[in-house]
Structures are given as C-alpha cells and as structure tokens.
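# Secondary and tertiary structure notes
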Amino acid sequence: MLETLGLDLIPLVLSHLDRKSLHSVVLSSRYLLEPGLNELWRFIATFEPLIACLPDDLLDFEMNAMDRRVYSLKRPLDISDLNRYLEGYAFRIRHINYDDFRGGDHGTLSHKALLALQITTAHLPHGSLSPNLKRFSWDNARNCETEAGTVAMSLFMPPTLDTWTFGMVEGDWVHQTGLHHAAHHLLGIRSLKIFCSPDPFVDKFIVSSLRTQNLQNLRLAHAPTPLLRHLCTLPKVERMDLLDQTPVSFRYPPGDTPQLPSTDNFRSLKSLRMDSREICALGPVIQYLPSTNCVRLLKAVAYVAARCVEEQALVTVVGVHGNQAAMRMLLLSNSNAQHTEDVDLEQTLDISPLFRLDLEACHISLSNRISIKPQTISQMASAWGHMHLLRLESPAYLDFIRPPVINHRDILQLLVGMPSLRHLSLQFDASQICSDEPVNPKESFPHGLKSWIVGRSPISSPSCVAQFLNAIVPHLKGLRTESFGGYNGSWGKVNELLGLWHP
C-alpha cells in the first residue's frame, strides 16, 4: 500500500512507525528501501549502529562496572573498515542524542577506540561520521564518559550543525578544550543549550569561541552582566531561557526614572523565560529590553519567598520595559511561597504598572498578596479587553488572614470588560449573592468563561451562588477551590448543583 504514495508523502508516513515496523518496511520493498533506511538512521542514540557496520574481526567487548558492553580494538583500525558505514549510512543521520543511552544494554566504544576513529578520519572533513547532522546532544553534566564525548564531537559534528546541546562538569579542562575546538569549526548554529552550573567558561565560550550571528534559541544557566551586554547585541536571538539566574546589578533602581537601553538590544527576542532562587535576580535582565522590544512571552519564576518591595520592583520593571504592541503572555511566580519573616502581612502588591500592556494571558502568583480592590477590577476591565486567561493568586496562608474585598458585582464588571476570558483564578466575596440577584448589563451575558478557581472565596448560600453562576457563566466546565478549608464543602455543593465535578 505504501508504494502507491508519492515520494513526498512516504517519509511522513514512515516517521510515525516504530523501529520494528521500519525494519519490516525496509526488508519488504525495494521501492521503500532508501526512504526506510533514511528514517531508521535519522535519529541515533547509541554507538550500536556504527558498531554493527564494522568488520567482525575489528572489535571485542568486555562488561564494565555498569554492566554495559565496552568495545575495544583487536587490531589496528583502517579507513577501509569504515567504508560500509561511510558510504551507506553516515549521510542519513540527522539527530544524535547520546543522553538517551545511559541505561539499558546498549554497547559503547572505549575511549581508545574513539581516539583511533579520530586519527583514522583526520584527513576527512570535520564531522565526517555524520556529515549531514543537524542536531547533536551529549550531556556530560550527567554522563561520566566526558572524554568519550569530547572525542565524539569532532567525529560527528559537521560545520553545518544547526542545534547543539551539551553539559559540562566544572573543572573538566579537557572537555572544555574540546568544546572550544568544536565551536571554531561551526559556521553558525541556530540553537544552543548548555546544562551546567553558572561557570565563567560559558561566558567566554559564547563571547569568544562561538559564531553567534545565526543564533536564534539560547538556553543556559546564568547570564552575568558582561554576557548580558553581549547577548543583547545578537541580531537573531528569538528565545532565551535562563535556568538558574543569579543576581546582577540593576541598570537603574526600580522606581527611578527609567533608563531605556538602545533599540538595537534584543531586536528579535520574542520569548524570555527565567528561573532563579531569588526574585531580585530577574528584574535586572528585563531592564535590558528596549521600549521597542518584540517579547511576546515573559516568564519569571523564583523559588524563595521575597519581601514585597522586591516583588513590586519586578512588577514595575515589567510594566516599564514590556512593549504594549508585543507582550501578550506574562507569568510572574514564586513556586514555593511560604510564610516567612520577609513577608509583611500588611503590604500588598500594586499590579497597576501592568495595565498599560495588552495582555491575553496573565498569571501572577507571588509571595505577597496582590491588592485587588473594586477600582483595580475597573482598571483591569478597561485595560485587558483581550484577556483569555487571568490568574491572580496569593499564598494560601494569606487567604485566611485577609479575605477578598471584591464581590460578585465586581466580577460582573470584570467579565463585561473581558469578553474573551475563558480561564480565571480570582477570589471574591460570594456571601452577598441573593436569589434574585440582577445581572447587568444583560447584553454582556451569558459569558463564555469555562474554568474558575475561586480559592477560599467566602460563600453563604450555595443555591443562590449556583443560580447566579448558571445565569452569567452557563458554559462553565470547572469550578475549583484548590483548598482544604471550610469553604470547600459549600463550593462542592455549588459544583453539584451546576452538574460539575466535585473539587
């Protein structure tokens, strides 16, 4: 049946088959032999395919401490031993990921065998064992065979490589030398992912060793100030992920007169995602964005509870440097917010600096309570008319101390101003809802909201609340409290009356 497909469709079909089925296809039809082999060899995660192409009398193996076969040479390696592999298969490989073979019973080549391969192919172009490779990954931060990985880079990475992922162990000078050497041969990769702790080597590597004129996607642990100054000049970077950003100096104190950087900074950046232990490490990076930036998605996540002044600084910086014409999705979060002496229960976060942005998705969940008053609702309803997802959340322990000051009438105003809203997480005082509650303006309802997290919202009459919700949001599919407090039972009754799942 596959023979009846056009040549342009066959690779697409074959890409959805498992390896056992691909083997059957290759053996069943001469017409499908070449496209089948291309798919079989497209992704390689072990040395086994290469080993299988070598003469039987070349290698012998012994089991190592990890109960894996390690192949070593039984005689000198000659270039003719590689003919079958180089002529029939090497050119088919597009993606190598040696992170995937740490477990299982896959065999590997000894360091000396890899060195012999390197010596034997030294007269061939760089990356001759996979000349058409596009993606190469060898995560040595979690792989003890760093010496093998260093050699493998010169064997398998051609100058035209598109995506490079590697890990690094601090103080592994041989591996770092190999990384510098490999980078000098690359004509200009588009995606770079480095998995390691913050290390000065990474800064020097990106600035001095790598051709970055085509770099579009960058993922690394940390960007200190000198590296940030370099990264913001790269013309094509569209996505940047900082996985463990540590504090650097603000370009100017938050709240002072903004000092906006050159419009040439991060001219192509569309997605900025940052994680850090301390929230004060995130704002300085955002200050490198000019007013004309095209960042559409901004994610900033911290892991330690912070003072209100620190979190307010982050909100203010986002409001100043976010581009109203570009930014659509915003996530500001403290994923481990707990009650500490750093959190002042009397202080609240002012999110009004964000109202100048035309957001479609906004999720704010920080250590300190967000100030949400009736006037805040009015401002949000006016500013965020295209909002699709809105989650404004405070730590659970604060919900007991400070109940919400907005009520169901404010919620009505919010929904009127956000006709596209489908997902909401916002607490309100539902205890004032009565059975004959008017719904105005009538032309704005029913609303299309589909899910609502009400948290610990106060409630008096589940039946009245259910009647109210059925009138204004009849398409609601999920109503959750995400709490274990006393309000859970009452909201559970609301779910039952609406025919929804119990929270």
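The name an unreviewed UniProt entry gives the protein is F-box domain-containing protein, with Ephemerocybe angulata as the organism.

## Focus: the overall build of the protein
Assigned secondary structure in the protein consists of 17 helices and 18 strands. Burial statistics for the protein: of 503 residues in total, 52% are counted as buried. Long-range pairs, those at least 24 residues apart, make up 76% of the contacts in the protein with a sequence separation of at least 6. Here the protein displays about 22900 Å² of accessible surface, and carbon together with sulfur accounts for 52% of that area.

## Comments concerning helix α12 (residues 308-321)
For α12, spanning 14 residues, the distance from its first C-alpha to its last is 20 Å, which sits close to the expected 20 Å at 1.5 Å a residue. The buried fraction of α12 is high, at 10 of 14 residues. Residues of α12 that are buried sit in contact with α11 (283-286), β12 (297-302) and β13 (329-334).

## Notes on the sheet that holds strand β3 (residues 69-73)
The strand order across the open sheet formed by three strands is β2-β3-β5, and the pairing between neighbours is mixed. Of all the strands in the sheet, just β2 (59-63) and β5 (108-109) have a single pairing partner and so form its edges. Pairing analysis gives two bridges linking β3 to β5, with the strands arranged parallel. Within the sheet, the bridge partner assigned to Tyr71 lies in β5 and is Leu109.

## Topic: the nonpolar core
If you look at the biggest cluster of nonpolar residues, it comprises 134 residues, and the most contacted ones within it are Phe136, Phe156, Trp164, Leu192, Phe205, Trp384 and Leu390. Considering every element that reaches this core, the biggest residue donor is helix α16 (residues 462-472), with six residues. When near neighbours in sequence (up to four residues on either side) are disregarded, Leu192 contacts Trp164, Phe166, Phe205, Ile206, Leu210, Leu215, Asn217, Leu218 and Arg219.

## With respect to the pairing of strand β7 (residues 163-167)
Counting buried positions along β7 yields five of five residues, so the element is predominantly enclosed. Neither face of β7 is left uncovered, since the one carrying Thr163, Thr165 and Gly167 and the one carrying Trp164 and Phe166 both have all their residues buried. As paired elements, strand β6 (residues 135-139) and β7 share five bridges and run parallel to each other. Looking at β7, one finds that Trp138 is bridged to Phe166. Pairing geometry for β7 and strand β8 (residues 191-195), over five bridges, is parallel. Counterpart to Gly167 in the pairing with β8 is Phe195.

## What about the environment of Ile364?
Within the secondary structure layout, Ile364 lies in strand β14 (residues 361-365). On the basis of relative accessible area, Ile364 is assigned to the buried category, the value being 0%. Each C-alpha atom, one on Ile364 and one on Leu390, is 8.5 Å from the other, the two residues being 26 residues apart in sequence.

## Observations regarding the pairing of β12
Within β12, five of the six residues are buried, leaving the element largely enclosed by the surrounding structure. In this sheet, β12 lies alongside strand β11 (residues 271-276) in parallel orientation, the contact comprising six bridges. Residue pairing for β12: Met274 is matched across the bridge by Ala300. Summarising the sheet, β12 and β13 pair through six bridges and their orientation is parallel.

## Some words on the packing of helix α8 (residues 173-185) against helix α9 (residues 200-209)
Packing of α8 against α9 leaves a shortest axis separation of 10 Å and a crossing angle of 20 degrees. Relative to α9, the element α8 lies roughly parallel. At the point where α8 passes α9, the crossing takes the right-handed sense. Every residue of α9 that contacts α8 at Gln176, Leu179, His180, Ala183 and His184 is listed here: Phe201, Phe205, Ser208 and Ser209. Taken together, the residues that form the contact of α8 with α9 break down as four nonpolar, five polar and no charged.

## Focus on the environment of Ser457
Mapped onto the fold, Ser457 is located in the loop between β17 (451-453) and α16. Owing to a relative accessible area of 0%, Ser457 belongs among the buried residues under this scheme. Taking the C-alpha atoms as reference points, Ser457 and Pro403, separated by 54 residues in sequence, lie 7.5 Å from one another. A polar contact is formed between the side chain of Ser457 and the backbone oxygen of Val454, at a distance of 2.4 Å.

## A look at helix α6 (residues 111-120)
Among all positions in α6, only Ala113, Leu114, Ala116, Leu117 and Thr120 are buried. Along the axis of α6, the buried residues cluster in a sector spanning 155 degrees; they form a single face. Looking at α6, the residues exposed on the side facing more than 90 degrees away from the buried face are Lys112 and Ile119.

## What about the packing of aromatic side chains?
For the structure shown, the criterion picks out 15 aromatic pairs. Feature note: the residues Phe47, Tyr98, Trp138 and Phe156 constitute an aromatic cluster, connected by ring pairs.

## Quick look at the pattern of salt bridges
Under the defined criterion, the tally for this structure stands at 12 salt bridges. A salt bridge links Arg239 to Asp241; its shortest N-O distance comes to 2.8 Å. Asp275 is the partner of Lys299 in a salt bridge, and the nearest nitrogen-oxygen pair spans 3.9 Å. Taken together, the residues Lys299 in strand β12 and Asp275 in strand β11 connect sequence positions 24 residues apart.

## Focus: the packing of helix α13 (residues 374-383) against helix α15 (residues 408-417)
Here α13 crosses α15 at 10 degrees, and the two axes come no closer than 8 Å. In terms of axis orientation, α13 runs roughly parallel to α15. Contact residues: α13 offers Pro374, Ile377, Ser378, Met380 and Ala381, while α15 offers Asp410, Gln413, Leu414 and Gly417. Here the residues of the contact of α13 with α15 are counted per class, giving five nonpolar, three polar and one charged.

## Quick word on the confidence of the model for the protein
Taken as a whole, the protein shows an average pLDDT of 87; of its residues, 87% reach a score of 70 or greater. For the protein, the element scoring lowest by mean pLDDT is helix α14 (residues 396-401), at 64; strand β10 (residues 239-242) scores highest, at 98.

## Focus: the side chain of Thr165
Considering the arrangement of structural elements, one finds Thr165 in strand β7. When near neighbours in sequence (up to four residues on either side) are disregarded, Thr165 contacts Phe136, Ser137, Trp138, Lys193 and Phe195.

Calculation rules
- Residues numbered from 1 in each chain as written.
- Predicted model: local features only at pLDDT ≥ 70, side-chain atom pairs only at ≥ 80, totals over all residues.
- Heavy atoms only, no water.
- Helix = DSSP H or I, 4+ residues; strand = E, 2+ residues; numbered from the N terminus.
- Buried < 20%, exposed > 50% of the residue type's maximum accessible area, 1.4 Å probe, protein only.
- Contact = heavy atoms within 4.5 Å.
- Areas by Shrake-Rupley, 256 points an atom, 1.4 Å probe, with all protein chains shown as cover.
- Expected span 1.5 Å × (residues − 1).
- Pairing = 2+ DSSP bridges.
- Core = buried A, V, L, I, M, F, W, Y, C linked by side-chain atoms within 4.5 Å.
- Axes fitted to C-alpha atoms, helices over the stretch in contact; angles between N-to-C directions.
- Parallel < 35°, antiparallel > 145°, perpendicular 65-115°, else oblique.
- Left-handed = near helix turned anticlockwise from the far one by under 90°.
- Nonpolar A, V, L, I, M, F, W, Y, C, P; charged D, E, K, R; others polar.
- Polar contact = N/O pair within 3.5 Å; in protein donor to acceptor, adjacent residues only side chain to side chain.
- Arc of directions from axis to C-beta.
- Phe/Tyr/Trp six-rings, centres within 6.5 Å; stacked < 30°, edge-to-face > 60°.
- Salt bridge = Lys/Arg side-chain N within 4 Å of Asp/Glu carboxyl O.
- pLDDT = per-residue confidence, 0-100.

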